[in-house]
Amino acid sequence: MNHSLSLKKKLIWISILYFAEGLPLGVVYDILPVYFRQHGVSLREIGFMFFLTLPWAIKVFWAPLVDRTGTYQKWITVCLIALASLTFAIPLFEPLDPGFLFWTALLGFSLASATQDIAIDAYSIALVDRGEEGIVNGFRTSLYRIALLAGGGGTMFLVKPFGWKFIYLLISVSFAVLAFASLKAPHASITRQTAQEWRKTFTGFLTRDGSLGVFLFILTYKMGDLLMGPMVKPFWVDRGMTPEEIGAISTIGGALMTILGAMLGGIFTSRFGIFPGLWVMGLAQAFSNLGYATVAHLSLAKPYLFGASLFESFSGGLGSAAFMAFLMRICDKNQAATQYALLSALFGVTRFFGGWSGVGAEWLGYGNFFALTFLLALPPRKYAPVAASRAPCIWTFLTILW
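Residues numbered from 1 in each chain as written. Predicted model: local features only at pLDDT ≥ 70, side-chain atom pairs only at ≥ 80, totals over all residues. Heavy atoms only, no water.

Moving on to the overall build of the protein. The secondary structure content of the protein amounts to 21 helices and zero strands. Sequence separation of 24 or more characterises 86% of the internal contacts of the protein that already satisfy a separation of 6 or more. Approximately 16,200 Å² of the protein is accessible, and the part contributed by carbon and sulfur atoms is 70%. (Helix = DSSP H or I, 4+ residues; strand = E, 2+ residues; numbered from the N terminus. Contact = heavy atoms within 4.5 Å. Areas by Shrake-Rupley, 256 points an atom, 1.4 Å probe, with all protein chains shown as cover.)

See the structure below:
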């Protein structure tokens, strides 16, 4: 427990660290697709690039190392230094003919980012007391999404006046500053378990009542979003949008709507509970995919594309706030790195399918592909009653929704 730290101080440090956690995703999901597309790389190759995000899906395999050695703060600092170095190296390679070293650098980038995620998530769980999850995850989701948007879309404003090399230098310096800040983070105390105690706790976590339904729910909850994500920015580019316009959508409007969605999601979750939040806000998150499908099918003008993007940011904030609170609640503090890594890896597995998004968009066209991602976002609702089996008070609510 961390009663010595006020909730305000916890929110400040969690906000800083989740900005650091969201920044690498901004590079992967926003900067690299636009960078490659502007340099003439095909949709198919851009889609295949997302296979390099596999470390986010399998990070559970080295999460016990983070749990049982060193401190979470030291892991975070080392990973941020690695991210700063690798980001600096990206523009040194030719985009159309990157070669083995470039792909190795990108794989190293995702590996460092995934390891940082393990440490930051575990640190937050160790820092936060029960009952604080709702408001904490409102801030947590807001800063994560702001970093993703600012580090990705926000940099688009700077491409024309300064060029791509400056963008990568700016992101690299940001990682270095965050590495220094992480050294000042307050200590999050945890109890180191013996190997036998650790195995017993983890086995109990995997085999407790309702675990299969919970795991299926987590595996598929973000499926629609993660499959659609890699093709959103190429869609904008192909609709004639400039980097400056992409930046305006992603940062100014997107950041505000994400903050609003995350804060409302945190308030809703604190007031009505985690499981109603998962249902109501998860459905809103799924329907945002239809906005892009409609714009693509009807070839609507840019204002409608702006509207679809703003709704995506708002609903993404809603859904993530409840989902992160759910994951945090069910983890044991003493092995938070491993348990949270397992849970987040389950829904992160869907990123692997994002590698085929370019093939799907080329084959089906943007409109049909976006509509398909909406349909894929609906099945997770099937598992919500099972996931909620440990909270009988929600059965009436779920029955009404069904």
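What follows is about empty space enclosed by the protein. Taken as a whole, this structure holds two cavities of 30 Å³ or more when the rule is applied. In this structure, the largest cavity encloses a volume near 730 Å³. Lining the largest cavity are 37 residues, and of these Tyr 144, Arg 145, Leu 148, Lys 222 and Leu 226 lie nearest its centre. Among the elements of the structure, helix 1 (7–38), helix 6 (99–127), helix 7 (133–152), helix 12 (223–238), helix 14 (274–298), helix 15 (302–329) and helix 16 (336–348) are those that each provide at least two residues to the lining of the largest cavity. (1 Å grid on protein atoms, 1.4 Å probe; cavity = no way out; pocket = protein on both sides within 12 Å on 5 of 7 lines; lining within 4 Å. Points joined across faces, edges and corners; volume = space filled by probe spheres on them.)

Another aspect to go through is the packing of aromatic side chains. The final tally for this structure, using the stated rule, is 15 aromatic pairs. Ring geometry for Phe 235 against Tyr 366: centres 4.9 Å apart, planes inclined by 55°, an arrangement best described as tilted. Of this pair, Phe 235 sits in helix 12 while Tyr 366 sits in helix 19 (residues 366–377); the two residues are 131 residues apart in sequence, bridging distant segments of the chain. Taken together, the ring pairs connect Tyr 35, Phe 36, Phe 93, Phe 102, Trp 103, Trp 164 and Tyr 168 into an aromatic cluster. (Phe/Tyr/Trp six-rings, centres within 6.5 Å; stacked < 30°, edge-to-face > 60°.)

For the rest of this paragraph, the subject is the pattern of salt bridges. Tallied over the full model, the rule gives one salt bridge. Across the pair Arg 37 and Asp 238 runs a salt bridge whose closest N-O atoms are separated by 3.4 Å. Highlighted residues: Arg 37 in helix 1 and Asp 238 in helix 12, separated in sequence by 201 residues. Owing to a relative accessible area of 38%, Asp 238 belongs among the partly exposed residues under this scheme. (Salt bridge = Lys/Arg side-chain N within 4 Å of Asp/Glu carboxyl O. Buried < 20%, exposed > 50% of the residue type's maximum accessible area, 1.4 Å probe, protein only.)

A separate point is helix 11 (residues 211–221). Most of helix 11 sits out of view: eight of its eleven residues are buried. Along helix 11, the positions that sit buried rather than exposed are Ser 211, Gly 213, Val 214, Phe 215, Phe 217, Ile 218, Thr 220 and Tyr 221.

Across the protein, the average pLDDT comes to 78, with 86% of residues at or above 70. Least confident of the elements in the protein is helix 21 (residues 395–401), whose mean pLDDT is 30; most confident is helix 5 (residues 72–89), at 93. For the stretch residues 381–402, pLDDT sits under 50, and the model shows 38 contacts to residues farther than four places along the chain or on other chains. (pLDDT = per-residue confidence, 0-100.)

What follows deals with the packing of helix 12 against helix 14. Running from amino to carboxyl end, helix 12 crosses helix 14 at an angle of 30°, the nearest separation of the two axes being 11 Å. The angle between helix 12 and helix 14 falls in the class roughly parallel. In this structure, helix 12 crosses over helix 14, and the sense of that crossing is left-handed. Touching Gly 224, Asp 225, Met 228, Val 232, Phe 235 and Trp 236 of helix 12 are Gln 285, Ser 288, Asn 289, Tyr 292, Val 295 and Ala 296, all from helix 14. For the contact of helix 12 with helix 14, the class distribution of residues is seven nonpolar, four polar and one charged. (Axes fitted to C-alpha atoms, helices over the stretch in contact; angles between N-to-C directions. Parallel < 35°, antiparallel > 145°, perpendicular 65-115°, else oblique. Left-handed = near helix turned anticlockwise from the far one by under 90°. Nonpolar A, V, L, I, M, F, W, Y, C, P; charged D, E, K, R; others polar.)

Further remarks concern the packing of helix 11 against helix 15. Across the interface, helix 11 lies against helix 15 with an axial gap of 12 Å and an inter-helix angle of 150°. In this structure, helix 11 crosses over helix 15, and the sense of that crossing is left-handed. The residues of helix 15 that touch helix 11, namely those facing Val 214, Phe 217, Ile 218 and Tyr 221, are Gly 319, Phe 323, Phe 326 and Leu 327.

If you trace the backbone, Phe 36 turns up in helix 1. What makes Phe 36 buried here is its relative accessible area of 4%. Along the backbone, Phe 36 and Pro 95 are 59 residues apart, and their C-alpha atoms lie at a distance of 6.4 Å. When near neighbours in sequence (up to four residues on either side) are disregarded, Phe 36 contacts Val 41, Ile 46, Met 49, Pro 95 and Phe 102.

A few words on the side chain of Ser 313. Mapped onto the elements of the fold, Ser 313 is located in helix 15. Aside from chain neighbours lying at most four places away, what touches Ser 313 is Arg 145, Gly 254, Met 257 and Thr 258.

Another aspect to go through is the nonpolar core. Core analysis: the biggest nonpolar cluster contains 112 residues, and Trp 164, Phe 235, Trp 236, Leu 278, Tyr 292, Phe 326 and Phe 370 have the highest contact counts within it. Not counting residues up to four positions away in its chain, the partners in contact with Leu 278 are Phe 217, Tyr 221, Ala 322, Phe 323 and Phe 326. (Core = buried A, V, L, I, M, F, W, Y, C linked by side-chain atoms within 4.5 Å.)

A word on the environment of Leu 83. As for its position among the elements, Leu 83 is in helix 5. Through-space distance from the C-alpha of Leu 83 to that of Leu 23 is 9.9 Å; in sequence the pair is 60 residues apart. Contacts of Leu 83, omitting those with residues within four sequence positions, involve Pro 24, Phe 109, Ala 112, Ser 113, Gln 116 and Phe 175.

For an α-helix the count is 3.6 residues per turn, leaving residues at separations of three or four pointing the same way. Taking 1.5 Å of rise per residue, 18 residues should cover 26 Å, and helix 5 covers 26 Å from first to last C-alpha, within 8% of that figure. Of the residues making up helix 5, those classed as buried are Tyr 72, Gln 73, Ile 76, Thr 77, Cys 79, Leu 80, Leu 83, Ala 84, Thr 87 and Ala 89. (Expected span 1.5 Å × (residues − 1).)

On the surface, a cluster of nonpolar side chains totalling about 750 Å² of accessible area is made up of Phe 88, Leu 92, Phe 162, Phe 166, Leu 169, Leu 170, Val 173 and Val 177. Of all the elements, helix 9 (residues 164–182) adds the most residues to the nonpolar patch, at five residues. Its location among the elements puts Leu 169 in helix 9. (Patch = residues over 30% accessible without salt bridge, like charges linked within 9 Å, V, L, I, M, F, W, Y side chains within 5 Å.)

Our next topic: the side chain of Ser 315. As for its position among the elements, Ser 315 is in helix 15. Assessed through its relative accessible area of 0%, Ser 315 is described here as buried. Those residues in contact with Ser 315, other than ones at most four positions away along the chain, are Met 281, Ala 284, Gln 285 and Ser 288.

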